[in-house]
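If you want the building blocks of each chain, they are given just below.
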Amino acid sequence: MSETPRPTNDYQIASEQFDIAAEAMGLKQEMRMLLKTPFREMRVDVPIRRDDGSGVIFIGYRVQHNGSRGPYKGGIRYHPEVDLHEVRGLAALMTWKTALLDIPFGGAKGGIACAPWEMSQGELERLTRKFIQRISIILGPNRDIPAPDMYTNAQTMAWIMDQYGRKHGYTPAVVTGKPLEVGGSQGREAATGRGTILVLEHAARSFGLPVDGATAVIQGFGNVGSFAARFFHELGGKVTAVSDVSGGLHDPAGLDVPALLAHVARNRTIQGFGQGRAVSNDDLLTLPCDFLIPAALGGVINRRNAERIQARFVIEAANAPTTPTADQVLADRGVIVVPDILVNAGGVTVSYFEWVQNLQQFYWDEEQVNRELGKRMARAWENVHGVHLEKKVNLREAAYVIAIDRVARAESLRGFE
Ligand code: NAD
């Protein structure tokens, strides 16, 4: 893959969002430089054999952005658009996310430029194992702890644990998002979608909109999007449109979410579901609704469509779905944007619980996980909403101010040299 920046890549988005908040805080130039510069960036070639015996080389990355508050933490993404800029931007978002939730981790991200949907399970396993072999020197339960992201899942995490363990012995705390059978946590799979809807509920309550009877449009129907749909539906909300990579479905009367979940469990796509009319991924974003929930790729709400967004709230379940230009347009139009580093932090929060359980070898039941998740998400919402009211800044800036302040304090205490 090329490393040329795309028009608005995740790195640019994260970097501009940081600058806006740093400026508002009057953060010293030296500290800005320290907090913007990633600690370490690793790029590796990952050669594997295809099932047909031919050799192919993929490129993988791991970026450790900031570790002043604890071990580096962040997901691993498999997607053809993965490049150093994207991974760098997403690593920085993880630093702010863990700080905002007050979790004792830093921020990292990894990825491999590949098209996982064109690969067999065997090829994916060989790819994962080879990648981990090459980056394992910078991983470890007290160094850097990967997790799932787009097109990686609990199975991928099990391979990572197994591969790392071959050299280092049994080390479940080196990776989170594992299956329950090998040290995963109850509630981890649903955590990001659950956290998304917890934050949506808090936002709706604070801004005076009942969720019961409200409408949501969701882009992406993978781990995050499908659980978000399920929990929104359980609260009495109507999911009027959803999409995946193959396109979208729209029914203003509300889609039958349990039937759709069952369809996707069987077919791995929303295509072929017998309800709703087809809608493109672009048009889906501009449908009228109360809550627009991007839960797929970054940069999808941008200068081309921001004027046409008809939602009252954008609930950023994906990482970096809104460009800074679009952010400004939405603010001017009175659309409330609830930022990614808060909305989708449920995943890393339960990852933290998983890490704690692995280190102690003492496991919690699902009720305890969900209760602790609820407490942390509520506290983070209250902090962000409080700063939003007090400093009269938007929710994203409020979230960044809190996060940057925490990381800057840790950096100062540790010292510059
Ligand atoms: P996933 O791989 O489970 O699902 C991704 C979904 O997006 C799929 O439905 C896929 O079909 C769809 N998609 C892919 N390309 C698309 C396109 N061009 N247009 C529309 N849809 C497309 O991934 P996920 O884990 O659900 O992650 C989704 C987003 O949430 C990502 O931005 C990820 O970084 C973020 N996120 C995930 C977690 C987590 O715990 N999984 C945590 C925090 C943030």
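The structure we're discussing is the one just above.
Right, let's walk through the structure included here. Because the structure is predicted, anything quoted here is derived from the model rather than measured.

**What to know about helix H2 (residues 29–36)**
Phase 1: Residues Met 31, Arg 32 and Leu 35 constitute the buried set of H2. Buried residues of H2, seen end-on, are gathered within an arc of 105° and therefore sit on one face of the element. Set apart from the buried face of H2 by more than 90 degrees, the exposed residues are Gln 29 and Glu 30.
Phase 2: The inward-facing, buried residues of H2 contact helix H1 (10–25), strand S2 (55–66), helix H3 (84–100) and helix H14 (395–414).

**Some points on the site of the ligand**
Phase 1: Near the ligand, the surroundings consist of 21 residues, among which Arg 77, Asp 149, Thr 192, Ala 296 and Asn 319 are the closest.
Phase 2: Take Gly 222: an N or O atom from its main chain is 3.1 Å from an oxygen atom of the ligand.
Phase 3: In the model, an oxygen atom of the ligand is placed 2.9 Å from a nitrogen or oxygen of the Val 245 main chain.
Phase 4: Starting from 830 Å² of accessible surface for the ligand in isolation, the protein chains cover 88%.
Phase 5: Of all the secondary-structure elements, those providing two or more residues to the shell around the ligand are helix H6 (188–206) and helix H7 (223–234).
Phase 6: Of the residues assigned to the shell around the ligand, the class counts are 10 nonpolar, 7 polar and 4 charged.

**Observations regarding the nonpolar core**
Phase 1: Of all hydrophobic cores here, the largest spans 85 residues; its most connected members are Leu 35, Trp 96, Leu 100, Phe 232, Phe 291, Ile 293 and Val 338.
Phase 2: Element by element, the count of residues in this core is highest for H14, at 10 residues.
Phase 3: Filtering out sequence-adjacent residues up to four positions away, Phe 232 remains in contact with Ile 197, Leu 200, Val 211, Ala 214, Thr 215, Ala 216, Gly 237, Lys 238, Val 239 and Phe 291.
Phase 4: The next biggest cluster of nonpolar side chains, apart from the first, holds 24 residues, and it includes Phe 58, Tyr 78, Leu 127 and Ile 132.

**Some points on the pairing of strand S3 (residues 72–78)**
Phase 1: Judged by how many residues are buried, S3 sits mostly within the fold: 7 of 7 residues are covered.
Phase 2: Where S3 meets strand S5 (residues 144–148), 5 bridges bridge the pair, whose relative direction is parallel. Residue pairing across strands places Gly 75 opposite Ala 147, the latter belonging to S5.
Phase 3: One ladder, built from 3 bridges, connects S3 with strand S4 (residues 107–113); its direction is parallel. Bridging across to S4, Tyr 78 finds its partner in Ile 112.
Phase 4: As a crossover connection, the stretch from S3 through H3 into S4 is right-handed.

**Some details on the packing of H1 against H3**
Phase 1: Contact geometry of H1 with H3 gives a least axis separation of 6 Å together with a crossing angle of 35°. Seen from H1, the contacting residues are Asp 10, Tyr 11, Ala 14, Gln 17 and Phe 18; seen from H3, they are His 85, Glu 86, Arg 88, Gly 89, Leu 90, Leu 93 and Trp 96.
Phase 2: Class assignment of the residues belonging to the contact of H1 with H3 gives a composition of 6 nonpolar, 3 polar and 3 charged.

**A look at the packing of aromatic side chains**
Phase 1: Taken as a whole and assessed by the stated rule, the structure comprises 13 aromatic pairs.
Phase 2: Where Phe 105 meets Trp 355, the ring centres are 4.9 Å apart and the plane angle is 65°; that geometry is what we call edge-to-face. Taken together, the residues Phe 105 in the loop between H3 and S4 and Trp 355 in helix H12 (residues 346–360) connect sequence positions 250 residues apart. Taken individually, Phe 105 and Trp 355 each receive the classification buried, so the pair is uniform in this respect.
Phase 3: An aromatic cluster of at least three residues, connected via ring pairs, comprises Phe 105, Tyr 352, Phe 353, Trp 355 and Trp 364.
Phase 4: Stacked on the ring of Tyr 11, the Lys or Arg Arg 88 has its end atom at 5.4 Å from the ring centre.

**A short note on the side chain of Arg 188**
Phase 1: Mapped onto the elements, Arg 188 comes out in helix H6.
Phase 2: No salt bridge forms around the buried Arg 188; measuring N to O, its nearest opposite-charge neighbour Glu 354 is 4.8 Å away.
Phase 3: Separated by 3.0 Å, the side chains of Arg 188 and Ser 351 make a polar contact.
Phase 4: The contact partners of Arg 188, leaving out residues within four places of it in the chain, are Ala 147, Pro 148, Gly 177, Gly 347, Val 350, Ser 351 and Glu 354.

**Re helix H13 (residues 366–391)**
Phase 1: In a regular helix each residue adds 1.5 Å, so 26 residues correspond to 38 Å; H13 covers 37 Å between its end C-alpha atoms and thus fits that length.
Phase 2: In the stretch just after H13, Lys 392 is the one whose phi turns positive, near 55°.

Cut-offs applied
- Residues numbered from 1 in each chain as written.
- Predicted model: local features only at pLDDT ≥ 70, side-chain atom pairs only at ≥ 80, totals over all residues.
- Heavy atoms only, no water.
- Buried < 20%, exposed > 50% of the residue type's maximum accessible area, 1.4 Å probe, protein only.
- Helix = DSSP H or I, 4+ residues; strand = E, 2+ residues; numbered from the N terminus.
- Arc of directions from axis to C-beta.
- Contact = heavy atoms within 4.5 Å.
- Near = heavy atom within 4 Å.
- Polar contact = N/O pair within 3.5 Å; in protein donor to acceptor, adjacent residues only side chain to side chain.
- Areas by Shrake-Rupley, 256 points an atom, 1.4 Å probe, with all protein chains shown as cover.
- Nonpolar A, V, L, I, M, F, W, Y, C, P; charged D, E, K, R; others polar.
- Core = buried A, V, L, I, M, F, W, Y, C linked by side-chain atoms within 4.5 Å.
- Pairing = 2+ DSSP bridges.
- Right-handed = clockwise from strand over helix to strand, strands pointing away.
- Axes fitted to C-alpha atoms, helices over the stretch in contact; angles between N-to-C directions.
- Phe/Tyr/Trp six-rings, centres within 6.5 Å; stacked < 30°, edge-to-face > 60°.
- Lys NZ or Arg CZ within 6 Å of the ring centre and 35° of its normal.
- Lys, Arg positive; Asp, Glu negative; His and termini not counted.
- Salt bridge = Lys/Arg side-chain N within 4 Å of Asp/Glu carboxyl O.
- Expected span 1.5 Å × (residues − 1).

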